[in-house]
Amino acid sequence: MIIVMHPEATSEEVAQIVARLQDLDADIHITSEGGRTVVSGTTESRLADEAPWAALPGVERVVPVLRGGRRVGRHFKPEDTVVEVGDLTIGDGSLTIVAGPCAIESREQMLETARLVAAAGATMIRGDAFKPRTSPYAFQGLGKAGLEILAEVRDQTGLPVVAEVLDPREVDLVASYADVLRVGTRNMSNQALLREVGRQSKPVMLKRGRASTIDEWIDAAEYIHNEGNSQIVLVERGIRGFDPSARNTLDISAVPLAKLATHLPVMVDPSHAAGRRDIVAPLARAAVAAGADGVMIDVHPRPSEAMVDGRQALVPEEFGALVLELEAVAGALRVDSSG
Ligand code: PEP
Ligand code: MN
């Protein structure tokens, strides 16, 4: 809730507002904008109705802040958060390109893929050791052995690595190998996991739940931030729609909406949105054009042999061509204002 006071409001009137917010245990911020005092208050339970506040003496207008009343909200921190992964920065206007296989299947497959995507211009490598599978009988990932392969990938390529964590009990294990932890779409609402990744120090990529609103996604990020970890990247990965032509419907509007509502970097995973390789490149280009800070692309040297998500994996040559296109799109957006 943002309460904008009249320019001629007295200090007693401001104090009355502050006292009421204190009674609600609100987090209170007082600023001065355009000659007016602006009081913002946030509580764990959302501040009720704006009407009683608007009626208090000295109040000019009340803005109920549905999104901004959170630590990840733009209203709390107007400047963009830049997430740092070693030398790599996400959210500072640079383009982050994460690439690799959906799952780590073997040492040879992972090292080969990592070498090829690194040569093609990836800035971070993906590869999961723990896979969330719909069927309990499907390949679940190599577990700790996969994480050891991932650490080798980082040593060989010099690039940071990101891996999914599925279970709060495995957060420390995954964090001891990966440079970035990823919370997947199925776990976006797993608050125990969100809290746990919020308590460790590695950056977190938070995928949007496949049936979650943008507001719910931002609340999930708030769970992480509230535990002390502000290094969060939001990742749009498509939502469940009614059209089976693609696996999911990529919500491009989520990119500017999440950037307006929060100060966090926003990336897009067009591979899991599409579920089919033939539209991954156009979706990735659209993501960059819409202002995404990066993309995450599934790449496999032999997609027909992939144990998970082969239908959506690009081969390394296709990925290389896409990197050039994405750099061209990002470059075209950097309009030289000096004329
Ligand atoms: C993945 O990136 O491999 C993955 C499982 O993604 P999502 O959680 O978006 O389905
Ligand atoms: Mn996958």
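Bear in mind that the values here come from a model prediction, so they are computed numbers and not experimental data.

Definitions and cut-offs
- Residues numbered from 1 in each chain as written.
- Chains lettered and ligands numbered in written order.
- Predicted model: local features only at pLDDT ≥ 70, side-chain atom pairs only at ≥ 80, totals over all residues.
- Heavy atoms only, no water.
- Helix = DSSP H or I, 4+ residues; strand = E, 2+ residues; numbered from the N terminus.
- Rg over C-alpha atoms; globule rule 2.2 N^0.38 Å.
- Buried < 20%, exposed > 50% of the residue type's maximum accessible area, 1.4 Å probe, protein only.
- Contact = heavy atoms within 4.5 Å.
- Near = heavy atom within 4 Å.
- Polar contact = N/O pair within 3.5 Å; in protein donor to acceptor, adjacent residues only side chain to side chain.
- Areas by Shrake-Rupley, 256 points an atom, 1.4 Å probe, with all protein chains shown as cover.
- 1 Å grid on protein atoms, 1.4 Å probe; cavity = no way out; pocket = protein on both sides within 12 Å on 5 of 7 lines; lining within 4 Å.
- Sits in = over half its atoms within 2 Å of the grid points.
- Nonpolar A, V, L, I, M, F, W, Y, C, P; charged D, E, K, R; others polar.
- Expected span 1.5 Å × (residues − 1).
- Points joined across faces, edges and corners; volume = space filled by probe spheres on them.
- Pairing = 2+ DSSP bridges.
- Donors = N, O, S within 2.8 Å, 3.2 Å for Na, K, Ca; no water.
- Right-handed = clockwise from strand over helix to strand, strands pointing away.

1. So, the overall build of the protein chain
Logical step 1: What the protein chain contains, in helices and strands, is 11 helices and 14 strands.
Logical step 2: Since a compact globule built from 339 residues should have a radius of gyration of about 20 Å, the 22 Å found for the protein chain is in line with a globular shape.
Logical step 3: Considered along the principal axes of its C-alpha atoms, the protein chain spans approximately 70 × 55 × 40 Å.
Logical step 4: Residues counted as buried form 50% of the 339 residues belonging to the protein chain.
Logical step 5: The long-range fraction of contacts in the protein chain, counting pairs at least 24 apart against all pairs at least 6 apart in sequence, stands at 68%.

2. Side note on the site of ligand 1
Logical step 1: Among the 13 residues in the neighbourhood of ligand 1, the closest are listed as Arg126, Lys131, Thr185, Lys207 and Arg237.
Logical step 2: At 2.8 Å, a side-chain N or O of lysine 131 approaches an oxygen atom of ligand 1.
Logical step 3: The separation between an oxygen atom of ligand 1 and a polar side-chain atom of arginine 182 is 3.1 Å.
Logical step 4: Across the complex, the protein chains shield 98% of the 300 Å² of accessible surface that ligand 1 would expose by itself.
Logical step 5: When each cavity is represented as a set of grid points, ligand 1 is found to reside in the second largest pocket.
Logical step 6: Partitioned by chemical class, the residues of the shell around ligand 1 number 1 nonpolar, 3 polar and 9 charged.

3. Some points on helix 7 (residues 214–226)
Logical step 1: Between its first and last C-alpha, helix 7 extends 18 Å over 13 residues, near the 18 Å set by a 1.5 Å rise per residue.
Logical step 2: Packing partners of the buried residues in helix 7 comprise helix 6 (191–199), strand 11 (204–207), strand 12 (232–236) and helix 8 (254–261).
Logical step 3: Looking one or two places after helix 7, you find glycine 228, whose phi comes out positive at around 115°.

4. Regarding the layout of surface pockets
Logical step 1: If you add up the space inside the second largest pocket, you get close to 340 Å³.
Logical step 2: Among the residues making up the lining of the second largest pocket, the classes are represented as 3 nonpolar, 6 polar and 13 charged.

5. Let's talk about the pairing of strand 3 (residues 36–42)
Logical step 1: For strand 3, the tally of buried residues reaches 5 of 7 residues, placing the bulk of the element in the interior.
Logical step 2: Strand direction decides the pairing type here: strand 1 (residues 2–5) and strand 3, joined by 3 bridges, are antiparallel. Directly across from isoleucine 3, in strand 3, lies its bridge partner valine 39.

6. Notes on the coordination of the manganese ion (ligand 2)
Logical step 1: Listed as protein donors to the manganese ion (ligand 2) are Cys102 (SG), His272 (NE2) and Asp309 (OD); their distances from the metal cover 2.0 to 2.2 Å.
Logical step 2: Spacing between the donor residues of the manganese ion (ligand 2) along their common chain follows C-x169-H-x36-D. Of the two residues, cysteine 102 sits in the loop between strand 7 (96–100) and helix 3 (107–120) while histidine 272 sits in helix 9 (residues 270–274), which places them 170 residues apart along the sequence. The exposure classification of cysteine 102 matches that of histidine 272, with both residues buried.

7. Focus: the pairing of strand 12
Logical step 1: Burial of strand 12 is extensive: 5 of the 5 residues sit out of reach of the surface.
Logical step 2: With burial as the criterion, each face of strand 12 is covered, one bearing Ile232, Leu234 and Glu236 and the other bearing Val233 and Val235.
Logical step 3: Here 4 bridges tie strand 11 to strand 12, and the two strands are oriented parallel to one another. When the sheet's bridge partners are listed, leucine 206 is paired in strand 12 with leucine 234.
Logical step 4: Note on the crossover from strand 11 through helix 7 to strand 12: the handedness is right-handed.
Logical step 5: Strand direction decides the pairing type here: strand 12 and strand 13 (residues 266–268), joined by 3 bridges, are parallel.

Nothing here speaks to function; it is geometry throughout.
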